[in-house]
Amino acid sequence: MIHTSESLKSQDGDYENYHYQLEDGDKYRLTEDELQWLDFVRGRYSIADHIDQNMTDGVYTMDSYGLGEALGETGMFPKAVCLSDDTALQAIFFYSAVEVSDADDGVN
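Presented here is a report on the structure given in the accompanying data block. This structure is a prediction, so every number in the text was calculated from the model and none was measured.

Considering the arrangement of structural elements, one finds Tyr28 in strand E2 (residues 27-29). What makes Tyr28 buried here is its relative accessible area of 0%. Along the sequence, Tyr28 and Ser84 sit 56 residues apart, while their C-alpha atoms lie 17 Å from each other. A polar side-chain atom of Tyr28 sits 2.8 Å from a polar atom in the side chain of Glu34.

Structure (structure tokens):
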């Protein structure tokens, strides 16, 4: 199953929207606006590299640790820079990214 903005937003409620929390390996098709955002941040922010490395034909495959690492590098975890809060992709980032700390790198 490939999630879309419409399929996720149709489940929105008044409070928590955990349906945006995707598991590793889940797939999401970016909208045209989200693809334009990706073009804008490409070469500027590591989140673009992460999305590009995990996307085929406009479909992103969730990697929650890689996502968290990329978002953390911008200092804006758990949100992506320059991406509207109204997008499903930003909600996916917010609910799905795993924060990577120094303790997670295996160095003592």
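Okay, back to it.
Burial of helix H5 (residues 88-96) is extensive: eight of the nine residues sit out of reach of the surface. All of the buried residues along H5 are Ala88, Leu89, Gln90, Ala91, Ile92, Phe93, Tyr95 and Ser96. Where H5 is buried, its residues meet helix H1 (5-9), E2, helix H2 (32-41), helix H3 (46-53) and helix H4 (64-73).

The rules we used
Residues numbered from 1 in each chain as written. Predicted model: local features only at pLDDT ≥ 70, side-chain atom pairs only at ≥ 80, totals over all residues. Heavy atoms only, no water. Helix = DSSP H or I, 4+ residues; strand = E, 2+ residues; numbered from the N terminus. Buried < 20%, exposed > 50% of the residue type's maximum accessible area, 1.4 Å probe, protein only. Polar contact = N/O pair within 3.5 Å; in protein donor to acceptor, adjacent residues only side chain to side chain. Contact = heavy atoms within 4.5 Å.

Scope: geometric values only; no functional claims are made or implied.
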